[in-house]
Amino acid sequence: MPVKAKSAALREYLLIMLPIIALFVAAGYLVITSAQDFYNEQAADETRRIANSYAQSLAAAAEAANIIDDLLEDKLMTTAQIVARYDGQYSNQLLAEIASIMQVDEIYVYNGVGEIVYSNTGLYLGWRAEEGHPVHSFMYSGKKSHVDEIRKDSESERYLKYAYWRLDDTSRFLQLGVLAERIHEFLGRFEVEHLLAEITSDPFIKCAVFYDNNFEPIAFHGHEGEFIISSEAKAALQANREFASEIYSAGEPYYQVMLPIWADGSRLGTLSINHRLADTKLLLSRVRLIGITTLVVIFGLLMGVLSANRKKNETLIRYSYYDAVTGLPNKTYFEELFVRSPNGNGNGKKACLLVDCNLDLLSMAVGYQYSEMILKECAASLLQVEDPVQHVFHLGAARFLLYVEDYNERQDLVALGQQVIDRLRQPLQAKRKGVAVGIVEIDHKELDANTIIRRATIAASSTRESDNEGYAFFDNSMEEKLLRENIIERELGAAVDSNSIAESIYLVYQPIVELRQNRIVGLEALTRMRSAQLGNVSPAEFVPIAEQTGLIIPLGQHILRLACGFLAELRKLGYEDLKMSINISLVQLLQDSFVSDVFAITQAVGVEPGHLTLEITESLLMDEYGAINDKLADLADLGIQIAIDDFGTGYSSLSRTQGLRIHGIKIDKSFIDSLLLIEPEQAITRDIITMAHRQGLFVVAEGVEDLSQREYLCSNNCDFMQGYLFSKPLAPEGVIRLLEQDKRC
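Note that the structure is a prediction, hence the values are computed from the model and not measured. (Residues numbered from 1 in each chain as written. Predicted model: local features only at pLDDT ≥ 70, side-chain atom pairs only at ≥ 80, totals over all residues. Heavy atoms only, no water.)

1. Examining the overall build of the chain
Right, so step 1: On a plain count of helices and strands, the chain comes out with 23 helices and 25 strands.
Right, so step 2: The buried share of the chain, reckoned over its 745 residues, is 45%.
Right, so step 3: Long-range contacts, defined as pairs at least 24 residues apart, comprise 64% of the intrachain contacts of the chain with a sequence gap of at least 6.
Right, so step 4: Of the roughly 37700 Å² of accessible surface on the chain, 51% is carried by carbon and sulfur atoms. (Helix = DSSP H or I, 4+ residues; strand = E, 2+ residues; numbered from the N terminus. Buried < 20%, exposed > 50% of the residue type's maximum accessible area, 1.4 Å probe, protein only. Contact = heavy atoms within 4.5 Å. Areas by Shrake-Rupley, 256 points an atom, 1.4 Å probe, with all protein chains shown as cover.)

2. Observations regarding the pairing of strand β2 (residues 116–119)
Right, so step 1: Examined bridge by bridge, strand β1 (residues 106–110) and β2 share three bridges and lie antiparallel to one another. The residue of β2 that forms the bridge with Y108 is S119.
Right, so step 2: Connecting β1 to the antiparallel partner β2 that follows it, the hairpin turn spans five residues, and G114 within it adopts a positive phi of roughly 85°. (Pairing = 2+ DSSP bridges.)

3. Description of the packing of helix α14 (residues 476–497) against helix α15 (residues 539–549)
Right, so step 1: Interhelical geometry of α14 versus α15 gives an angle of 65° and a closest axis separation of 10 Å. Considered as vectors, α14 and α15 are oriented roughly perpendicular to each other. α15 is crossed by α14, and the crossing has right-handed handedness. Touching R484, E485, I488, E489 and L492 of α14 are E541, F542, I545, A546 and T549, all from α15. (Axes fitted to C-alpha atoms, helices over the stretch in contact; angles between N-to-C directions. Parallel < 35°, antiparallel > 145°, perpendicular 65-115°, else oblique. Left-handed = near helix turned anticlockwise from the far one by under 90°.)

4. Details of the state of the cysteines
Right, so step 1: For the structure shown, the criterion picks out zero disulfides.
Right, so step 2: Here C718 stays unpaired: no disulfide links it, and the sulfur of C714, its closest cysteine neighbor, is 8.2 Å away.
Right, so step 3: Residue classification places C718 among the buried residues on the basis of a relative accessible area of 1%. (Disulfide = S-S within 2.5 Å.)

5. Quick notes on helix α2 (residues 92–102)
For an α-helix, 3.6 residues make a turn, and residues three or four places apart therefore share a direction.
Right, so step 1: Here α2 has its buried residues at L94, L95, I98 and A99. Angular distribution of buried residues about the axis of α2 spans 135°; they occupy a single face of the element. Residues Q93, S100 and I101 are exposed on α2 and point more than 90 degrees away from its buried face.
Right, so step 2: Looking one or two residues past α2, Q103 carries a phi angle of roughly 60°, positive in sign. (Arc of directions from axis to C-beta.)

6. Some details on the sheet that holds strand β12 (residues 350–356)
Right, so step 1: Strand order in the open sheet formed by five strands is β13-β14-β12-β15-β16, with mixed pairing between adjacent strands. The sheet is open, and its two edges are formed by β13 (390–396) and β16 (470–473), each paired on a single side. Strand-to-strand, the axes of this sheet are offset by a mean angle of 20°, without reference to chain direction.
Right, so step 2: Of the pairings in the sheet, the one linking β13 to strand β14 (residues 399–405) comprises six bridges and is antiparallel in character. Paired with Q390 across the bridge in β14 is V404.

7. Overview of the pattern of salt bridges
Right, so step 1: Enumeration according to the criterion identifies 16 salt bridges in this entry.
Right, so step 2: With a shortest N-O distance of 2.3 Å, E485 and R454 are connected by a salt bridge. Of the two residues, E485 is situated in helix α14 and R454 in helix α13 (residues 449–466); the sequence distance between them amounts to 31 residues.
Right, so step 3: The exposure class of E485 is buried, given its relative accessible area of 13%.
Right, so step 4: Residue class for R454 comes out partly exposed when judged on its relative accessible area of 24%.
Right, so step 5: Between D673 and K669 there is a salt bridge, with the nearest N and O atoms lying 2.9 Å from each other. Of this pair, D673 and K669 both sit in helix α20 (residues 669–674), four residues apart, which is roughly one turn of that helix. (Salt bridge = Lys/Arg side-chain N within 4 Å of Asp/Glu carboxyl O.)

8. Describing the side chain of H611
Right, so step 1: Within the secondary structure, H611 is located in the loop between α18 (594–605) and β21 (612–617).
Right, so step 2: Assessed through its relative accessible area of 17%, H611 is described here as buried.
Right, so step 3: When near neighbours in sequence (up to four residues on either side) are disregarded, H611 contacts L567, R571, E576, D577, L578, K579 and M580.

9. Overview of a nonpolar patch on the surface
Right, so step 1: A cluster of nonpolar side chains, V31, L283 and V287, forms an exposed patch at the surface whose accessible area comes to about 240 Å².
Right, so step 2: Among the secondary structure elements, V287 is positioned in helix α7 (residues 278–308).
Right, so step 3: The class of V287 is partly exposed, set by a relative accessible area of 32%. (Patch = residues over 30% accessible without salt bridge, like charges linked within 9 Å, V, L, I, M, F, W, Y side chains within 5 Å.)

10. Structural notes on the confidence of the model for the chain
Right, so step 1: Put simply, the chain has an average pLDDT of 82, and 83% of its residues get 70 or more.
Right, so step 2: Confidence drops under a pLDDT of 50 for residues 1–5, and excluding neighbours within four residues, the segment shows 14 contacts in the predicted structure. (pLDDT = per-residue confidence, 0-100.)

11. Here's the deal with the packing of aromatic side chains
Right, so step 1: By the definition in use, this model includes 16 aromatic pairs.
Right, so step 2: Measuring from centroid to centroid gives 5.3 Å for F334 and F393, while their planes differ by 65°, and the two rings are edge-to-face. Of the two residues, F334 is situated in helix α9 (residues 331–340) and F393 in strand β13; the sequence distance between them amounts to 59 residues. Taken individually, F334 and F393 each receive the classification buried, so the pair is uniform in this respect.
Right, so step 3: Through a chain of ring-to-ring contacts, three or more aromatic side chains come together here, namely Y321, Y322, Y333, F334, F338, F393 and Y403. (Phe/Tyr/Trp six-rings, centres within 6.5 Å; stacked < 30°, edge-to-face > 60°.)

Given below as structure tokens:
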């Protein structure tokens, strides 16, 4: 009962249109706001031009004010010295007489606790300054004298210039003040009003206001209503930055620009100018109308294009659910079918049979195109398998899945498994190995599709361990294997989360030897795991688990850092020509940041990228071919060499490697082992070496354990080898000892 694959329904096209419409709306908004921003920037530039053109006259007014301010300071300090001479004779009357003679407006005598005890006006007797007040600050400053800038008095709210003089006992002091409102008025009225009148003569400017440094309006022209400055504007101006924003006044839009005005290194105040926006708003509304009309037209055109391409897109969607080679539904299809499949009729029993055709060596021997033909024949044979009711899926590589519903008893599955094996013998007759079938009976509702495939894969693998072909049911002993995998996954996750990965993962290194000179030219970093519960765990176990869970990302970075760090250590010991080979997974390689991460690690530990060789498994080249090759090109551009590991175990042939950015291959151990079982002239290892050299690739032979294997490789011009014949994988200290021995030889 197949589930209908998703189709490109019209509503899905409409959903696609929504972000497109949003994009055009955003683009229109961007155009309009850009025009508005351009006008606003022009207004701000005009304000700066106006401010700069009148800065000279403002500076002259400020210079005059500074001269007067200096004169007032001299007067205050002279008066303070006179008043100090009368210490011990103070009275309000005496202070009033001195103030009248010296023409100062305020004289106060403070006692040792900061209270006014005498005043020339008789006011504020007993007043005491609070913390933060200028009087309080002087009292505790320890200074002999001090003169304030002109400021607004906290009590009278009038502008005065104050001076302070400490009496001889250092606890009492004088405060003298002169009214400075005339200076304030001079700066605010004399030059500024004329400036503002000229500014507002421009028909595009509504009003202009000049504020002092306390944001009080000194002068204005054309302004109506209250003077309001927002907290954002004050914050910007206090930080000596200009501030601009759109405002509304009497229902009219304006663009307000506020600009600090400086002269001779001193800030004079703030100039605020309101530019009219009515004409600009009208222009923008017309642009908006044109944009909406354009959007409607483009929307109509896009709908026509999308409708015309609907059939093509449905074909593309089909590829998401069906395998391109065999035409069978794929793993994604099975996952949806499993979720949506009903309980079925009768007893509702369900099961899955995973069929592993194992085309590895055949693909290497005859090429990828022939392997595709074999896959198609296998798919056609499986579709002819008879009852019980089942669906056939292609999971990728040479693996198929049969989903069985409503079978009667286990014997039905046995018969089905045998029928599968019998039907596949004909298309696979040229293979060295038979078909492995893993059977899983689905008796737990909580099982998901991935778990079922995983269990079926384990069951199929168990048949490989015992015989070349056959079938096996998933059982409790296999469950123990799953439990073991869960422990490994949990420990890896805990190590990554707690940042204690170094306690579980370590590296050993196997020398890579140049065959002609029999000398060590590099090392391959081999990952090992030390489990708290399981002891030492093989990479064949924990690496696939790390890949499935995503833990391979932090794990891979840790391995890269360890290997590069050891290579840097060896370089310091004088072994500067050594190269380091490191295995990487597809999950790592397809990460967007992988290339930059590798480069960052090499730079951090001080290793040249050209001394690294990254090894990828041949089977990775089947999926994401284009994306992988792009990454390989980026790595090669950094100087990093790329080698295909376990060459001969996947579906690629040497013809497939011509378009790849690789530098070498590593012949799988199975080919090297076969040299001990067959006559040399029957081995295809020589052909692999020759074809690789024709493509400019170096060749490494893995798993060399016998002298006869080495002699064969030498006679056929293999470049490098590694294996127990020369050395087993070693800990770092063992590598160093071996290198020292090799150096002495």
